Amino acid sequence: MHTLLWVLQILAALAYGASGVMKVFMFDQISGDVPSFGALPRVAWTALGILELICVVGLIVPSALRRKPALTVVAATVLAIESLVFIGVHARYDESGSIVMSAVLGLVMAFIAYGRKVLRPIV
(Lines give C-alpha, C1' and ligand atoms only; values in the text may rest on other atoms or scores of the structure.)
Protein backbone atom coordinates (compact mmCIF):
# COMPACT_ATOMS: atom_id res chain seq x y z
CA MET A 1 0.00 0.00 0.00
CA HIS A 2 2.85 2.33 0.89
CA THR A 3 4.44 1.88 -2.54
CA LEU A 4 1.12 2.31 -4.35
CA LEU A 5 0.46 5.56 -2.51
CA TRP A 6 3.92 6.88 -3.35
CA VAL A 7 3.48 5.99 -7.03
CA LEU A 8 0.10 7.74 -7.08
CA GLN A 9 1.52 10.77 -5.26
CA ILE A 10 4.35 11.10 -7.78
CA LEU A 11 2.10 10.62 -10.81
CA ALA A 12 -0.44 13.09 -9.42
CA ALA A 13 2.33 15.59 -8.71
CA LEU A 14 3.49 15.33 -12.32
CA ALA A 15 -0.03 15.75 -13.69
CA TYR A 16 -0.98 18.64 -11.43
CA GLY A 17 2.46 20.22 -11.87
CA ALA A 18 1.97 20.28 -15.64
CA SER A 19 -1.55 21.62 -15.21
CA GLY A 20 -0.40 24.35 -12.82
CA VAL A 21 2.46 25.42 -15.08
CA MET A 22 0.08 25.65 -18.05
CA LYS A 23 -2.42 27.75 -16.10
CA VAL A 24 0.22 30.11 -14.73
CA PHE A 25 2.76 30.41 -17.54
CA MET A 26 1.06 29.23 -20.74
CA PHE A 27 -2.51 30.45 -20.32
CA ASP A 28 -2.60 32.48 -23.55
CA GLN A 29 -1.34 29.56 -25.64
CA ILE A 30 -3.81 27.00 -24.29
CA SER A 31 -6.89 29.07 -23.50
CA GLY A 32 -7.93 29.28 -27.14
CA ASP A 33 -8.14 25.50 -27.44
CA VAL A 34 -10.28 24.94 -24.33
CA PRO A 35 -13.69 26.64 -24.30
CA SER A 36 -14.14 26.22 -20.54
CA PHE A 37 -11.26 28.60 -19.87
CA GLY A 38 -13.80 31.33 -20.59
CA ALA A 39 -15.76 30.31 -17.47
CA LEU A 40 -13.44 32.18 -15.12
CA PRO A 41 -11.30 35.30 -15.46
CA ARG A 42 -7.61 34.82 -16.14
CA VAL A 43 -6.64 35.87 -12.62
CA ALA A 44 -8.80 33.04 -11.22
CA TRP A 45 -7.10 30.48 -13.48
CA THR A 46 -3.71 31.83 -12.43
CA ALA A 47 -4.70 31.51 -8.76
CA LEU A 48 -5.86 27.93 -9.35
CA GLY A 49 -2.58 27.16 -11.11
CA ILE A 50 -0.58 28.55 -8.19
CA LEU A 51 -2.74 26.53 -5.79
CA GLU A 52 -2.01 23.40 -7.82
CA LEU A 53 1.73 24.08 -7.74
CA ILE A 54 1.66 24.58 -3.98
CA CYS A 55 -0.28 21.34 -3.56
CA VAL A 56 2.23 19.51 -5.78
CA VAL A 57 4.93 20.42 -3.29
CA GLY A 58 2.59 19.37 -0.48
CA LEU A 59 2.00 15.96 -2.06
CA ILE A 60 5.68 15.07 -2.01
CA VAL A 61 7.89 17.15 0.29
CA PRO A 62 6.25 16.72 3.71
CA SER A 63 6.00 12.96 3.32
CA ALA A 64 9.46 12.57 1.82
CA LEU A 65 11.06 14.60 4.60
CA ARG A 66 8.76 13.12 7.25
CA ARG A 67 8.05 16.63 8.49
CA LYS A 68 4.39 17.48 8.98
CA PRO A 69 3.21 14.64 6.69
CA ALA A 70 -0.38 15.66 7.46
CA LEU A 71 0.19 18.41 4.88
CA THR A 72 0.18 15.69 2.23
CA VAL A 73 -3.37 14.81 3.29
CA VAL A 74 -4.35 18.49 3.14
CA ALA A 75 -2.81 18.92 -0.33
CA ALA A 76 -4.57 15.83 -1.68
CA THR A 77 -7.89 16.96 -0.17
CA VAL A 78 -7.59 20.43 -1.69
CA LEU A 79 -6.88 18.93 -5.12
CA ALA A 80 -9.84 16.54 -4.75
CA ILE A 81 -12.11 19.50 -3.98
CA GLU A 82 -10.65 21.45 -6.89
CA SER A 83 -11.53 18.50 -9.14
CA LEU A 84 -15.17 18.84 -8.11
CA VAL A 85 -15.09 22.49 -9.14
CA PHE A 86 -13.57 21.55 -12.50
CA ILE A 87 -16.23 18.89 -13.06
CA GLY A 88 -18.85 21.62 -12.70
CA VAL A 89 -17.00 23.98 -15.05
CA HIS A 90 -16.50 21.30 -17.69
CA ALA A 91 -20.11 20.14 -17.39
CA ARG A 92 -21.27 23.67 -18.15
CA TYR A 93 -19.35 23.49 -21.44
CA ASP A 94 -20.23 19.85 -22.25
CA GLU A 95 -16.58 18.76 -22.20
CA SER A 96 -17.13 15.10 -21.40
CA GLY A 97 -13.49 14.05 -21.72
CA SER A 98 -12.43 16.72 -19.25
CA ILE A 99 -15.24 15.73 -16.89
CA VAL A 100 -13.99 12.13 -16.86
CA MET A 101 -10.38 13.24 -16.37
CA SER A 102 -11.33 15.55 -13.49
CA ALA A 103 -13.41 12.81 -11.88
CA VAL A 104 -10.60 10.26 -12.12
CA LEU A 105 -8.04 12.72 -10.74
CA GLY A 106 -10.43 13.69 -7.96
CA LEU A 107 -10.93 10.06 -6.98
CA VAL A 108 -7.19 9.45 -7.01
CA MET A 109 -6.62 12.50 -4.81
CA ALA A 110 -9.36 11.38 -2.41
CA PHE A 111 -7.73 7.93 -2.27
CA ILE A 112 -4.32 9.46 -1.54
CA ALA A 113 -5.82 11.62 1.21
CA TYR A 114 -7.60 8.62 2.74
CA GLY A 115 -4.59 6.38 2.28
CA ARG A 116 -2.19 8.77 3.96
CA LYS A 117 -4.64 9.58 6.75
CA VAL A 118 -6.01 6.10 7.51
CA LEU A 119 -4.51 3.22 5.52
CA ARG A 120 -0.78 3.95 5.55
CA PRO A 121 0.07 7.24 7.26
CA ILE A 122 3.63 8.50 7.20
CA VAL A 123 4.93 8.88 10.73
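Residues numbered from 1 in each chain as written. Predicted model: local features only at pLDDT ≥ 70, side-chain atom pairs only at ≥ 80, totals over all residues. Heavy atoms only, no water.

What follows deals with helix H3 (residues 42-65). Helix length check: H3, at 24 residues, gives a terminal C-alpha distance of 34 Å against a target of 34 Å (1.5 Å per residue), a fit within 8%. Considering bend angle alone, the principal kink of H3 is centred on glycine 58 and spans about 25 degrees; proline proline 62 follows within four residues of it. Turning to H3, its buried residues number three or more, namely Trp45, Thr46, Leu48, Gly49, Glu52, Cys55, Val56, Gly58, Leu59, Pro62 and Ser63. Looking at the packing, one finds that the buried side of H3 touches helix H1 (2-25), helix H2 (27-31), helix H4 (70-92) and helix H5 (96-119). (Helix = DSSP H or I, 4+ residues; strand = E, 2+ residues; numbered from the N terminus. Expected span 1.5 Å × (residues − 1). Bend = angle between axes of the 7 residues up to and from the residue. Buried < 20%, exposed > 50% of the residue type's maximum accessible area, 1.4 Å probe, protein only. Contact = heavy atoms within 4.5 Å.)

Our focus in this paragraph is the packing of aromatic side chains. Summed over the entire model, instances satisfying the criterion amount to three aromatic pairs. Here phenylalanine 27 and phenylalanine 37 contribute two aromatic rings whose centre-to-centre distance is 5.3 Å and whose plane-to-plane angle is 80 degrees, an arrangement assigned as edge-to-face. Placement of the pair is phenylalanine 27 in helix H2 and phenylalanine 37 in the loop between H2 and H3, with a sequence separation of ten residues. Look at tryptophan 45 and phenylalanine 86: their rings are 5.7 Å apart centre to centre, the planes differ by 20 degrees, and that puts the pair in the stacked class. With tryptophan 45 in helix H3 and phenylalanine 86 in helix H4, the pair connects residues that are 41 residues apart, well separated along the chain. What links up through ring pairs into an aromatic cluster is the set Phe27, Phe37, Trp45 and Phe86. (Phe/Tyr/Trp six-rings, centres within 6.5 Å; stacked < 30°, edge-to-face > 60°.)

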